[in-house]
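Per-entry structural report
Chain residues, written in single-letter form:
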There are 2 protein chains.
Amino acid sequence: MKKLDKITPISENFARWYVDVIKNGELIEYGPIKGTIIFKPNAFEIWENIKTILDIQFKKKGIRNVYLPTLIPDFFIKTEKEHIKGFAPELVTVTHVGEKKLHDKLYIRPTSEVLFADLFKRSINSYKDLPILYNQWTSVMRWEKTTNPFLRNTEFLWHEGHTIHSNAADSRKFAKDMLWLYKRFFKQYLAIPVIVGKKTNREKFAGAFSTYTLEAMMKDGKALQSATSHYLAQNFSKSFKIRFKNDQNEDEFGYQTSFGLSTRIIGALIMTHGDDYGLIIPPKVAPIQVDILEFFSDKSPKIAKTTNFLEKKLSKKFRVRVDKSDEQPGFKSARSEIRGVPLRIDIGPKDVENDEVTLVRRDTHVKTKVKITDVKKVVFETLEKIQKDLYENAKKRLYENIVIVKDYETFKEKIAENHFVLAPFSGDDHEEARIQEETGATARCIPSKFYDKSQESFCMITKKPTRRFVIFAKSY
Amino acid sequence: MKKLDKITPISENFARWYVDVIKNGELIEYGPIKGTIIFKPNAFEIWENIKTILDIQFKKKGIRNVYLPTLIPDFFIKTEKEHIKGFAPELVTVTHVGEKKLHDKLYIRPTSEVLFADLFKRSINSYKDLPILYNQWTSVMRWEKTTNPFLRNTEFLWHEGHTIHSNAADSRKFAKDMLWLYKRFFKQYLAIPVIVGKKTNREKFAGAFSTYTLEAMMKDGKALQSATSHYLAQNFSKSFKIRFKNDQNEDEFGYQTSFGLSTRIIGALIMTHGDDYGLIIPPKVAPIQVDILEFFSDKSPKIAKTTNFLEKKLSKKFRVRVDKSDEQPGFKSARSEIRGVPLRIDIGPKDVENDEVTLVRRDTHVKTKVKITDVKKVVFETLEKIQKDLYENAKKRLYENIVIVKDYETFKEKIAENHFVLAPFSGDDHEEARIQEETGATARCIPSKFYDKSQESFCMITKKPTRRFVIFAKSY
């Protein structure tokens, strides 16, 4: 068994805290190639839970899973000009098989828009074939020189949805629907509140017409783009010549969307809920929901009996782990805390004499004595409460840290204090780049709420009248 | 909607039949790169069902899922000499990122033994850390110049289990346990009977000490290796220096296994159960178990009512699809057949007047009138029956086509007739190679039954006394 290391306090050094928590939680190992990570069971099982829940929701919307090849031919990736521009420097390139040089280069998918475009082209003839709603769960690669686990690593896991529709309205509506599906999922399962909005031109996906985004706030005040949904319009369908006969029997190009969420969300979970004691994983996606710890089981035969009774009873409804090791109680509790198990049940000699056990909430550290016969009911209620409280606390923090400013001087101050700053901004890509250079902040999104869209203001940079407000923040 | 094409009869041309069935079943498209395929929903959903069932069984055995990087560094793959020899010519090789040449070559995993070996090396110190039981669901690549969907394609999906133990006995037992787990899974879920055995030296996995295999017989008499489990002994642990302190506090190398099953099993399903009308998918892994077809719904309002009633009722327990289209009954039935849906419910005007519907078994084409109130019960029983019959029929065919021979002349005859031929054989790699050259057959396995192991015979090639019998067959 590995020893637990000291965790750097959040207040001391957030980046070091993050790495310490990951190490102690046994979430990853660094891969043999720079920029890669190994997802160990404690991390992968969070991803499995996320996948299972989302997959059911996708299927309810009529989305079907497929699997497309990992390799993209050279002539494909160059077909959509904006797209290739966005991804070229990070492309992992295959040139040989064994010792033999290939005629054309191949690329490991950084995303699969071009592969889906080609599949759609071959699949549709008539508007009656539309919409096609596909998804795949897979890994993608975008080369990174440095590694920040879950947030910045060369290979990551994700899902990528790809759809094609017979008209612009349906297509755009689908892209937006997926955004709201994500938002509900984030609230209900990940306990992460998010700001919903649209990306500026500079920040949108390479090849998209519009990119919609969910932006979450980490405990250090930085933004983390948590999922995106793109309305591609006819950008790819025109490049790839994806034509269908519409209901007027005329040729028309299809209208596409794509949307995705990746394992960087595990990073978001850690930085939204974790504390100085380690991980805190929301019950609904936690690999283990209840940790049952036996203390001094040699002191009373009732202890083992109680453990077995509760394990059997709780396993029917919850994901349970039992720790019967003879290690010190303090060590066992710390290990459970560090791994972020939302609820702990301590079973010790004194308690069992009174037919009780002690429930310990991971988030608040509050201990409650509970009669053994009531445990199942109380566990259920407490897990619900933890899930809700994690969300409410994160939401409170998010709302308290959004500030509205009107001028660039205040903007710079607030960004330096690590706030999300909402400001009137009508500038272009160059002005956005200048803001980033001067403050380190990027345009996270044009939010769908938080300001009165009818009210005219003046752009903090150009001073021109504008009705557009943009949220800026430093980000991961 | 795509038109249905003619399916070449099995008796006319098996290979063409196979491709026709796949095309009509809308299982795949060919990928843009030679050797690759796209798994469309009808195929991928079979794989999802297989995955869900096996994953539960793996977890019950204490195996935990992980995800390791796709790319293997050059110095890793060369560490185990036999292993690299086996895979070198098929290795897909990365040399560049963007325009920039990498210092060392990287390979897309053809399998991940070397990556797991490195992870194990970093994870274990003491025998108390063992065993470690890991698995991953992923894709792998082994370059192919030609494509035979599911059977021979550059990239395929699989699971690969990797375990490490503190002693040889536990490790070998684990490898064998997995073999029997597969065998039960094949029988209960895929309705595929298999021959269990051990590979000869020539046919074993590159780097294994022993390879255990499941060999299935396709409808053309050829063998398909359906899953393998390898006892790696200390081959990788010595190359990678995976040491632990044993209970005597001495350094010892770990004992490893690996085991896997891939999407080629979809090919096995097709070639074990399919017929001249198309696919037949066993109910337990069928994406759709019951097809409800409405015929002439304009003729009676009772038809739509019955459809809705049955859809609601059956969906609770079975995977159901409803076809309310106004296409011709013959076309609708043919489409359901071609897709291999195990059970069909025809709802037509005459039947509903008698409060009946017609159940049609995909495998036997037998039609049964069933009272609407009895449908759920009869569907359940019929699906069970279909599952069982598919297995029994395949088993009968397998057993009828195994022949035992003693001499090489008869051997050649029987191989030419596409039998599985069990023969006394004690030859080495060279003699096996000669048999392959002369007959096209390879040693499938040394079976665990089918012959009396105590009885001495004479090798059909060397004429030396031997107690070893080997099954030879042509194979995929």
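Our structure is the block above this text.
Nothing here was measured: the structure is a model prediction, and the numbers come from that model.

Parameters at a glance
- Residues numbered from 1 in each chain as written.
- Chains lettered and ligands numbered in written order.
- Predicted model: local features only at pLDDT ≥ 70, side-chain atom pairs only at ≥ 80, totals over all residues.
- Heavy atoms only, no water.
- Helix = DSSP H or I, 4+ residues; strand = E, 2+ residues; numbered from the N terminus.
- Contact = heavy atoms within 4.5 Å.
- Buried area = accessible area lost by both parts, 1.4 Å probe.
- Salt bridge = Lys/Arg side-chain N within 4 Å of Asp/Glu carboxyl O.
- Polar contact = N/O pair within 3.5 Å; in protein donor to acceptor, adjacent residues only side chain to side chain.
- Pairing = 2+ DSSP bridges.
- Core = buried A, V, L, I, M, F, W, Y, C linked by side-chain atoms within 4.5 Å.
- Buried < 20%, exposed > 50% of the residue type's maximum accessible area, 1.4 Å probe, protein only.
- Least-squares fit on C-alpha atoms with pLDDT ≥ 70 in both.
- Axes fitted to C-alpha atoms, helices over the stretch in contact; angles between N-to-C directions.
- Parallel < 35°, antiparallel > 145°, perpendicular 65-115°, else oblique.
- Left-handed = near helix turned anticlockwise from the far one by under 90°.
- Nonpolar A, V, L, I, M, F, W, Y, C, P; charged D, E, K, R; others polar.

1. Examining the environment of C459 of chain B
Residue and element names in this part refer to chain B. With respect to the element layout, C459 can be found in the loop between β23 (457–458) and β24 (465–466). With 57 residues separating them along the chain, C459 and I402 place their C-alpha atoms 18 Å apart. Excluding residues within four positions of it along the chain, C459 makes contact with P424, F425, S426, G427, K464 and T466.

2. Structural notes on the interface of chain A and chain B
With 58 residues of chain A at the contact, the number on the chain B side is 58 residues. Here chain A and chain B share an interface that buries about 4700 Å² over both sides, 59% of which is from carbon and sulfur atoms. Applying the counting criterion to the chain A and chain B interface returns six salt bridges. Linking chain A to chain B there are 25 residue pairs in polar contact (both at pLDDT 80 or more). Tallying contributions element by element places helix α2 (residues 41–60) of chain A first for the side of chain A that touches chain B, with eight residues. The pairing of strand β5 (residues 92–97) of chain A with strand β5 (residues 92–97) of chain B spans five bridges and is classified as antiparallel.

3. A look at the nonpolar core
Counting 60 residues, the largest nonpolar core has I50, F150, F186 and I270 of chain B as the members making the most contacts within it. Not counting residues up to four positions away in its chain, the partners in contact with I50 of chain B are F185, L190, L261, I265 and V285 of chain B. In terms of nonpolar packing, the next biggest core, distinct from the first, is built from 59 residues, I22, V194, I270 and I281 of chain A among them.

4. Thoughts on the sheet that holds strand β25 (residues 469–473) of chain A
In sheet architecture, strand pairing relies on hydrogen bonds along the backbone and comes in two forms, parallel and antiparallel. All names here are of chain A. Pairing is mixed across the open sheet formed by eleven strands, whose spatial order is β3-β7-β8-β14-β11-β10-β9-β22-β25-β21-β20. At either margin of the open sheet sits one strand with a lone partner, and together these are β3 (64–65) and β20 (402–404). The pairing of strand β11 (residues 223–233) with strand β14 (residues 255–262) spans five bridges and is classified as antiparallel. Paired with S229 across the bridge in β14 is F259.

5. Some remarks on unusual backbone geometry
A cis amide bond links L130 of chain A to the next residue, P131 of chain A, at an omega of -5°. Along the chain, the position of P131 of chain A falls in the loop between α5 (113–123) and β7 (132–141). At F150 of chain B, a position not held by glycine, the phi torsion is positive, near 75°. Inspection of the secondary structure puts F150 of chain B in the loop between β7 (132–141) and β8 (155–165). Taking the relative accessible area as the measure of exposure, F150 of chain B reaches 2% and is therefore buried.

6. With respect to the relation of the copies chain A and chain B
Rotating chain A by 180° and translating it 0.0 Å along the rotation axis places it on chain B, where the RMSD comes to 0.1 Å. Taken together, the rotation and translation describe the operation of a two-fold axis. Judged by C-alpha distance, V94 of chain A is the residue of chain A that lies nearest the rotation axis, at 2.1 Å. Take the interface residues of chain A: 100% of them recur as interface residues in chain B, which is what a same-surface contact looks like.

7. Some details on the side chain of T442 of chain A
All names here are of chain A. Examined against the element boundaries, T442 turns out to sit in strand β22 (residues 442–447). A polar side-chain atom of T442 sits 2.7 Å from a polar atom in the side chain of R444. Filtering out sequence-adjacent residues up to four positions away, T442 remains in contact with E203, Q436, I471, F472, A473 and S475.

8. Topic: the packing of helix α13 (residues 408–416) of chain B against helix α14 (residues 429–439) of chain B
All names here are of chain B. Axis separation between α13 and α14 bottoms out at 11 Å; the angle between their running directions is 50°. Judged by the inter-axis angle, α13 sits oblique to α14. α13 and α14 meet at a crossing whose hand is right-handed. Across from Y408, F411, K412 and I415 in α13, the residues of α14 making contact are R434, I435, E438 and T439. Partitioned by chemical class, the residues of the contact of α13 with α14 number four nonpolar, one polar and three charged.

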